[in-house]
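Summary of structural features
Residues per chain are reported as follows:
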Amino acid sequence: MKTVNLKRIFLIILSLLAVGAIAFTVYYFVDQDKNSLTVSEKNWIENNKNNLIDFSILNTAPVLSDTGSGVIFDFLNDLEKDTGLEFNKLSHSYNSKAPKGYSFTIKPKANKKDILIYRDNYVLVTKNRVKYNNLSEINNIIIGVLEKDTDNIDKYMSGVGNITYQNYKTTDEMFEATTNNQIDALIVPKIQYLDKIIENEDLNIAYDIVGYTQDYVFNLGRTAKLNKILNKYYNKWQHDNFNELFAQNLIQTYFDASDTEEQEQVKFHSKQYNYGFVLNAPFDVTTSGGIKGFNYSILNSFAQASGI
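Below you will find a few notes about this structure. (Residues numbered from 1 in each chain as written. Predicted model: local features only at pLDDT ≥ 70, side-chain atom pairs only at ≥ 80, totals over all residues. Heavy atoms only, no water.)

1. Description of the pattern of salt bridges
As a reminder of what qualifies: The term salt bridge refers to a pairing of a side-chain nitrogen on Lys or Arg with a carboxyl oxygen on Asp or Glu at a separation within 4 Å. Numbering goes from the N terminus for both helices and strands, where a helix is a DSSP run of H or I of at least four residues and a strand is a run of E of at least two. Exposure categories follow from relative accessible area, calculated using a 1.4 Å probe and restricted to protein chains: below 20% of the type maximum is buried, above 50% is exposed, and the middle band is partly exposed.
Under the criterion given, the structure shown has 10 salt bridges. A salt bridge links K232 to E41; the nearest nitrogen and oxygen atoms lie 2.9 Å apart. Taken as a pair, K232 in helix α7 (residues 224-257) and E41 in helix α2 (residues 39-47) lie far apart in primary sequence, 191 residues in all. Relative accessible area serves as the criterion here: at 15%, K232 is assigned to the buried category. A residue is classified by how much of its surface remains accessible, and E41, at 4% relative accessible area, is buried. Residue K196 is joined to D172 by a salt bridge in which the shortest nitrogen-to-oxygen separation is 3.2 Å. In this pair, K196 sits in helix α6 (residues 194-199) while D172 sits in helix α5 (residues 171-179), placing the two residues 24 residues apart along the sequence.

Quick look at the structure:
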């Protein structure tokens, strides 16, 4: 039986929170009138409740959409429940040809016709438990990169010290080379390979390359009214549900990838964790209402994300 590694969960979730790519601490003003459906749009829904709408979904995106579960399935299920529309959920993979029509997919950059769901950044993953605060600290290492990413990574890592790139055709080869100490680190998109990072307890997210990103989007189709319905519904749904559901799916991704048994999961959630601190503004400050400060904000976000 595997026990839950609280420190490792904390570091992984903190890495996701720190970059700001997800909306744990970002709240959008939702104009209720602007996102209310028009009479014409409501009529379109009524007239199409019996029509099955094809919607292709990326099938291996940890947290977002992975073998039938994730934030995207939560969204579509809520949409079906609230509108009565029905979607034919089809599956496609990272390496397959980009689907046409309505889909949840990945692009280098979202365009104006897409609904941006999540902006994923690339990360430097190491086998040793090192954490780099800035590029200048990275030095004298061999980094594995995919051949298709080499030019972009070299651009975003410019100014780094004495490093050598080793090209690979597949990520499986890169992860194996890191495990076998053939290279010191590898660079991959964080969410896309989060499960592979978690599976290997020796691997560590050492640095976030915040400037190099890729976008998970809803690709819209040719039906103008359905496009508007999806946009309006998602705007409100994101505000009301995204943070909580992302957090739930994130911690479940950790448990699944780390092969944590249900008994250990229950123990993790039910235990009360004590945090000791020294008064040191602005990191830890006491008020009449309890503790405040930077560390409190981080711990509070972690508690919400991990469900403890």
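Don't stop here, the text continues.
2. What to know about the sheet that holds strand β5 (residues 103-107)
Strand pairing in a sheet is mediated by backbone hydrogen bonds. Such pairs are either parallel or antiparallel. Let me state the cut-off plainly: We treat two strands as partners when DSSP finds at least two bridges between them. Inter-axis angles, ranging from 0 to 180 degrees, are taken between N-to-C directions of lines fitted to C-alpha atoms, where helices are fitted over the stretch in contact. A contact between two residues is defined here by any heavy atoms of the two lying within 4.5 Å.
Taken in spatial order, the eight strands line up as β4-β1-β5-β10-β6-β9-β7-β8 in an open sheet, and their pairing is mixed. Two strands close off the open sheet at either side, each with one partner strand: β4 (86-92) and β8 (163-168). Put simply, the sheet's adjacent strands are angled 30° from each other on average, direction ignored. As paired elements, strand β6 (residues 114-126) and strand β10 (residues 204-219) share 12 bridges and run antiparallel to each other. By the bridge assignment for β10, I115 is matched with F218. The sheet strands contacting α5 are β7 (141-146), β8 and β9 (185-189), and the helix crosses β9 at an angle near 145°. Against the sheet, α7 contacts β1 (52-58), β4, β6 and β10, and its axis sits at roughly 40° relative to β6.

3. Quick notes on the packing of α2 against α7
Here is the rule: An angle below 35 degrees is read as roughly parallel, one above 145 as roughly antiparallel, one from 65 to 115 as roughly perpendicular, and any other as oblique. Each residue is assigned to one class: nonpolar for Ala, Val, Leu, Ile, Met, Phe, Trp, Tyr, Cys and Pro, charged for Asp, Glu, Lys and Arg, and polar for all the others, Gly among them.
Put simply, α2 and α7 touch, their axes get as near as 10 Å, and they point 105° apart. Taken together, the axes of α2 and α7 lie roughly perpendicular to each other. Residues S40, E41, W44 and I45 of α2 form the contact with α7, whose own contacting residues are K225, L226, K228, I229 and K232. In terms of residue class, the contact of α2 with α7 is made up of four nonpolar, one polar and four charged.

4. What to know about the side chain of D114
Counted only if it meets this: Two N or O atoms form a polar contact when they lie within 3.5 Å of each other; inside protein one atom must be a possible hydrogen donor and the other a possible acceptor, and for residues adjacent in sequence the pair counts only when both atoms belong to side chains.
Its location among the elements puts D114 in strand β6. A polar atom in the side chain of D114 sits 3.0 Å from the side chain of K107.

5. Comments concerning the environment of L186
Mapping L186 onto the fold places it in strand β9. The exposure class of L186 is buried, given its relative accessible area of 0%. Residues L186 and Y165 lie 21 residues apart in sequence; the distance between their C-alpha atoms is 9.1 Å. Among all residues touching L186, those that are not within four sequence positions of it are V123, L124, V125, I143, G144, M174, F175 and T178.

6. Concerning the nonpolar core
For clarity, the cut-off: Residues belong to one nonpolar core when they are buried, are Ala, Val, Leu, Ile, Met, Phe, Trp, Tyr or Cys, and are joined through side-chain atoms within 4.5 Å.
Ranked by size, the top nonpolar core spans 51 residues in total, and within it L64, F104, I191, F218 and F246 carry the most contacts. Per-element tally for this core: the top contributor is α7, with 15 residues. By size, the runner-up hydrophobic cluster in this structure holds 17 residues, among which are V145, V160, A206 and I209.

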